[in-house]
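Below are the chains, spelled out letter by letter.
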Amino acid sequence: MSIVPRIGEWQTAPATASRPVFAIGDIHGRADLFEPLIAAVLRIVDEERLEKALLVTLGDYVDRGPAGLAVLKRVLDGIQHPKVEPVCLPGNHEQFLRHFLESKGAERQDVLWNWLDNGAGAIARELGLSDGKAADADAFVAALASDLGIERIEKLFKLGNHYRLGQYLFVHGGIHPQFGLAALKRDWRRLPKSGLDEDRDPLWVRGPFLTYDGEHDEGIIVVHGHTPRSEAELLGNRIGIDTGAYFSGRLTCVQLLGDRMRLIQASDH
């Protein structure tokens, strides 16, 4: 089936973007949705003669869906277009991957069990690992390293946890309103140790961020994924664009152009 993304109507944006932006929510291995969405974005850049466009991917490339490593390699290699600057951000599932790769011994095995509980079985299947090999942390690491290659792994480890453009802040999960922009100083290499620790992590936070309807530090508007919703959330202090691609079959992008915004969605139904 050929997927033709749907382009929504323009709406008033909560802030003015100083350059064209396309931000894409959680992909989770749905390369079949990601590729037509990227193609649609690049067509818009060409047809509307946009200059210096940003293409921000908000993380969670891996796990749950069938082609997570393929998507991760695609974004780490960079979307190539002369008028587009790609910005690849990590999600909490890339944090699982990084912590797993960087850990050793008993810790590595503990991280693997936790990661398998959070969707890493899809990565094991993509690598062609048997159940036994998937449960063997060292075998899993070796297969990952062979598939990704050292250059991509180094790129992954060097990713920043957010991107700022004027009033817009792009980050996977969000920011705890109590800690504000200071939360972004957190090193994303290690998984949170508790629910409270998750709230402090901009790749993991949900409740305190999602329920906050006030103004964030410096009046920023947070563009984020992480928390799947049936529809994109276009609110005064945040724009949530995780529409659960791996289970809903719908991947969402928000386009910001000056003081306007619109949604672009690739759907398999």
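Everything that follows concerns the structure shown earlier in this document.
The paragraphs below set out a description of the structure included in this document. Quick caveat: nothing in here was measured; it's all calculated off a predicted structure.

1. Concerning the layout of surface pockets
By rolling a water-sized probe across the atoms, one finds the places where empty space is left.
Then, in step 1: Reported here for the largest pocket is a volume of approximately 160 Å³.
Then, in step 2: Those elements that place two or more of their residues in the lining of the largest pocket are helix 3 (92-102) and helix 11 (245-248).
Then, in step 3: Counting residues per element, the lining of the largest pocket draws most heavily on helix 3, at 3 residues.
Then, in step 4: Looking at the lining of the largest pocket residue by residue, the classes come out as 5 nonpolar, 6 polar and 5 charged.

2. Focus: unusual backbone geometry
Then, in step 1: The backbone of Lys 52 sits at a positive phi, close to 55°, despite the residue not being glycine.
Then, in step 2: Structurally, the position occupied by Lys 52 is in the loop between helix 1 (31-47) and strand 3 (53-57).
Then, in step 3: For His 226, which is not a glycine, the phi torsion comes out positive at approximately 80°.
Then, in step 4: In this fold, His 226 is placed in the loop between strand 7 (221-224) and strand 8 (233-234).
Then, in step 5: Judged by its relative accessible area of 3%, His 226 is buried.

3. Examining the packing of helix 4 (residues 105-116) against helix 7 (residues 137-148)
Then, in step 1: Running from amino to carboxyl end, helix 4 crosses helix 7 at an angle of 75°, the nearest separation of the two axes being 9 Å. Here helix 4 lies roughly perpendicular to helix 7, going by the angle between them. On helix 7, the residues touching Arg 108, Gln 109, Leu 112, Trp 115 and Leu 116 of helix 4 are Ala 137, Asp 138, Phe 140, Val 141 and Leu 144.
Then, in step 2: A class-by-class count of the residues in the contact of helix 4 with helix 7 yields 7 nonpolar, 1 polar and 2 charged.

4. What about the sheet that holds strand 10 (residues 250-267)?
Then, in step 1: Taken in spatial order, the 5 strands of this open sheet run 1-10-2-3-4, and their pairing is mixed. Two strands in the sheet have a free side with no partner beyond their single neighbour: strand 1 (6-7) and strand 4 (84-88).
Then, in step 2: As paired strands, strand 1 and strand 10 are joined by 2 bridges and run antiparallel to one another. Note that in strand 10 the partner of Ile 7 across the bridge is Ile 264.
Then, in step 3: Set on the sheet, helix 1 makes contact with strand 1, strand 2 (11-24), strand 3, strand 4 and strand 10; between it and strand 10 the angle comes to about 150°.

5. Side note on the pattern of salt bridges
Then, in step 1: The tally for this structure, following the rule as stated, stands at 18 salt bridges.
Then, in step 2: Among the salt bridges present, the one from Glu 48 reaches Arg 262, with a minimum N-O distance of 2.9 Å. In this pair, Glu 48 is assigned in the loop between helix 1 and strand 3 and Arg 262 in strand 10, connecting sequence segments 214 residues apart.
Then, in step 3: When the shortest N-O distance is used, the salt bridge between Arg 152 and Asp 77 registers 2.9 Å. Of the two residues, Arg 152 is situated in helix 8 (residues 150-158) and Asp 77 in helix 2 (residues 68-77); the sequence distance between them amounts to 75 residues.
Then, in step 4: A relative accessible area of 39% means that Asp 77 is categorised as partly exposed.
Then, in step 5: One salt-bridge network, held together by shared partners, links Arg 98, Glu 102, Asp 187 and Arg 189.

6. A look at the side chain of Gln 255
Then, in step 1: Tracing the sequence through the fold places Gln 255 in strand 10.
Then, in step 2: Exposure remark for Gln 255: the relative accessible area of 0% places this residue in the buried category.
Then, in step 3: A distance of 2.7 Å separates a polar atom in the side chain of Gln 255 from a polar atom in the side chain of Arg 262.
Then, in step 4: Setting aside residues up to four positions removed in sequence, Gln 255 forms contacts with Trp 10, Val 21, Phe 22, Ile 44, Glu 48, Leu 50, Arg 260, Met 261, Arg 262 and Ile 264.

7. A few points about the environment of Arg 189
Then, in step 1: Summarising the element assignment, Arg 189 is placed in the loop between strand 6 (168-171) and helix 9 (195-200).
Then, in step 2: Considering only alpha carbons, one finds Arg 189 and Lys 158, 31 residues apart in sequence, at a separation of 9.9 Å.
Then, in step 3: Contact partners of Arg 189, with chain neighbours within four places excluded, come to Gln 95, Arg 98, His 99 and Glu 102.
Then, in step 4: Within polar-contact distance, the side chain of Arg 189 engages the side chain of Asp 187 at 3.0 Å.

What counts and how
Position numbers for residues count from 1 along each chain, tracking the sequence in the order it is written. Under the rules for a predicted model, residues below a pLDDT of 70 receive no local features and side-chain atom pairs below 80 are neither given nor counted, while totals for whole chains, interfaces and linings still include all residues. Values reported for side chains reflect all heavy atoms of the structure, with hydrogen atoms and water molecules removed beforehand. Using a 1 Å grid laid over the protein atoms alone, points where a 1.4 Å probe fits but cannot get out form a cavity; open sets with protein on both sides within 12 Å along at least 5 of 7 lines form a pocket; any residue with an atom within 4 Å of a point counts as lining. Grid points are joined across faces, edges and corners, and a volume is the space filled by probe spheres set on the points. Only DSSP runs of H or I with at least four residues qualify as helices, and only runs of E with at least two residues qualify as strands; both kinds are numbered from the N terminus onward. Residues are sorted three ways: Asp, Glu, Lys and Arg are charged, Ala, Val, Leu, Ile, Met, Phe, Trp, Tyr, Cys and Pro are nonpolar, and all the rest, Gly among them, are polar. Accessibility here uses a 1.4 Å probe with only protein chains present; expressed as a share of the type maximum, an area under 20% marks a residue as buried, one over 50% as exposed, and anything in between as partly exposed. For helices, the fitted line uses only the C-alpha atoms of the stretch in contact; every axis is such a line through C-alpha atoms, and the angle between N-to-C directions lies from 0 to 180 degrees. Any angle between 65 and 115 degrees counts as roughly perpendicular, while under 35 counts as roughly parallel, over 145 as roughly antiparallel, and the rest as oblique. Should any heavy atoms of two residues lie within 4.5 Å, those residues are counted as being in contact. Strands are labelled as partners when DSSP assigns at least two bridges between them. In what follows, salt bridge is the name for a side-chain nitrogen of Lys or Arg lying within 4 Å of a carboxyl oxygen of Asp or Glu. By the criterion applied in these results, polar contacts are pairs of N or O atoms within 3.5 Å in which, for protein atoms, one can donate a hydrogen and the other can accept it, and in which residues neighboring in sequence qualify only through two side-chain atoms.

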